[in-house]
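Residues per chain, in single letters:
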Amino acid sequence: NAGVTQTPKFQVLKTGQSMTLQCAQDMNHNSMYWYRQDPGMGLRLIYYSASEGTTDKGEVPNGYNVSRLNKREFSLRLESAAPSQTSVYFCASSDQMGGFLLISTDTQYFGPGTRLTVL
Amino acid sequence: GQSLEQPSEVTAVEGAIVQINCTYQTSGFYGLSWYQQHDGGAPTFLSYNALDGLEETGRFSSFLSRSDSYGYLLLQELQMKDSASYFCAFQTGANNLFFGTGTRLTVIP
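The rules behind each value
Residues numbered from 1 in each chain as written. Chains lettered and ligands numbered in written order. Predicted model: local features only at pLDDT ≥ 70, side-chain atom pairs only at ≥ 80, totals over all residues. Heavy atoms only, no water. Helix = DSSP H or I, 4+ residues; strand = E, 2+ residues; numbered from the N terminus. Rg over C-alpha atoms; globule rule 2.2 N^0.38 Å. Contact = heavy atoms within 4.5 Å. Areas by Shrake-Rupley, 256 points an atom, 1.4 Å probe, with all protein chains shown as cover. Lys, Arg positive; Asp, Glu negative; His and termini not counted. Charge placed at Lys NZ, Arg CZ, Asp CG, Glu CD. Salt bridge = Lys/Arg side-chain N within 4 Å of Asp/Glu carboxyl O. Buried < 20%, exposed > 50% of the residue type's maximum accessible area, 1.4 Å probe, protein only. Polar contact = N/O pair within 3.5 Å; in protein donor to acceptor, adjacent residues only side chain to side chain. Disulfide = S-S within 2.5 Å. Pairing = 2+ DSSP bridges. Axes fitted to C-alpha atoms, helices over the stretch in contact; angles between N-to-C directions.

Visitor: Account for the overall build of chain B, naming residues and giving values.
Guide: Of regular secondary structure, chain B possesses 0 helices and 11 strands. Scanning chain B from its N terminus toward the C terminus, one meets helices and strands in the order β-β-β-β-β-β-β-β-β-β-β. In terms of C-alpha radius of gyration, chain B reaches 13 Å, essentially the compact-globule figure of 13 Å for 109 residues. Principal-axis analysis of the C-alpha atoms gives chain B an extent of 40 × 30 × 20 Å. Long-range contacts, defined as pairs at least 24 residues apart, comprise 55% of the intrachain contacts of chain B with a sequence gap of at least 6. Accessible surface, chain B as shown: approximately 4,900 Å² in total, 47% of it carbon and sulfur. Each charge class in chain B was averaged separately, 4 positive and 10 negative side chains, and the resulting centres sit 6 Å apart.

What follows is the structure in structure tokens.
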């Protein structure tokens, strides 16, 4: 049981290049998330997917696209990287059903992160 | 709008007790979570409060007062390994956590 895995761990891009960050979870969770964390800051939600086949914008979606390929995988794409997208990117998953409010924690399980530098 | 306030840094002595406060402002609120993050690592879940009161999990406790829009994390019997950043996050809906900017805890001998 690997939990949440992310690839790559590190990446350096030039301005204007594109790339896709991969995320997979083996906990059979319905919900998956992409966050970015800038130095000394908290996590900001980029996009999330409440269930297979659905995606929604978070707090900072501009410059990103996502794909929920299946229940296990949720990818984040940067079409034209900019220096402002230099950050650490975390993928997370949780077992809450989309749109179903529970009196329980939206405990999120995080991957190890991808450290992205855009020059 | 939505906001969370927590102290940026706290220093405490090994074996002591430390409290990290968190105040929030939001129109939709379903609970307050706490996450721990060591340098270079991923956030890991510590505790959650949906209702007012104290939740205890080993050396860690978390408190929530919904009427005061306030919560805190209490760490007892501090150990050196507790040196990390601690984030409070409120749950605004079924699929959304809004994180604070974190409190960096340094435990000194």
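Visitor: Can you lay out the pattern of salt bridges for me, pointing to particular residues and giving the numbers?
Guide: Residues and elements named next belong to chain A. Throughout the structure, instances matching the rule amount to 5 salt bridges over all chains. A salt bridge links aspartate 38 to arginine 36; the shortest N-O distance between them is 2.9 Å. Neither aspartate 38 nor arginine 36 differs from the other in exposure class; each is buried. The residue glutamate 79 makes a salt bridge to arginine 77 at a minimum N-O spacing of 3.1 Å.

Visitor: An account of the side chain of Thr103(B) is needed here, citing residue identities and associated values.
Guide: All names here are of chain B. With respect to the helices and strands, the residue threonine 103 is situated in strand β11 (residues 103-108). A polar contact of 2.4 Å, which involves the side chain of threonine 103, links it to the backbone oxygen of proline 7. Setting aside anything within four residues of it in sequence, one finds threonine 103 in contact with Gln6, Pro7, Ser8, Glu9, Val10, Ile20, Ala84, Ser85 and Tyr86.

Visitor: Go over the state of the cysteines with me, naming the residues and quoting the values.
Guide: Residues and elements named next belong to chain A. A full pass over the atoms with the stated rule returns 2 disulfides over all chains. Each sulfur of the disulfide joining cysteine 23 and cysteine 91 lies 1.8 Å from the other. On the S-S bond that ties cysteine 23 to cysteine 91, the torsion sits near -70°, and the link is left-handed. Separated by 68 residues along the polypeptide, cysteine 23 in strand β3 (residues 19-25) and cysteine 91 in strand β9 (residues 87-94) bring together distant segments of the chain. The burial state of cysteine 23 is the same as that of cysteine 91; both residues are buried.

Visitor: Give a description of the environment of Thr26(B) that names residues and reports values.
Guide: Residue and element names in this part refer to chain B. Take threonine 26: it is sitting in the loop between β3 (18-25) and β4 (31-37). A C-alpha to C-alpha distance of 12 Å links threonine 26 and asparagine 96, two positions 70 residues apart in sequence. Once residues lying within four places of it in the same chain are set aside, the contact partners of threonine 26 are Gly1, Gln2, Phe90 and Thr92. A distance of 3.0 Å separates a polar atom in the side chain of threonine 26 from the backbone oxygen of glycine 28.

Visitor: Give me the lowdown on the sheet that holds strand β1 (residues 4-7) of chain A, citing residues and values where you can.
Guide: Residue and element names in this part refer to chain A. If you trace the 4 strands from one edge of the open sheet to the other, you get β1-β3-β8-β7, paired in antiparallel fashion. Of all strands in the sheet, those with a lone pairing partner are β1 and β7 (64-68), marking the two edges. Strand-to-strand twist in this sheet, taken as the mean axis angle between neighbours without regard to direction, amounts to 20°. Across 3 bridges, β3 lies against strand β8 (residues 74-78) in antiparallel orientation. Pairing of methionine 19 across the sheet is with leucine 78, part of β8.

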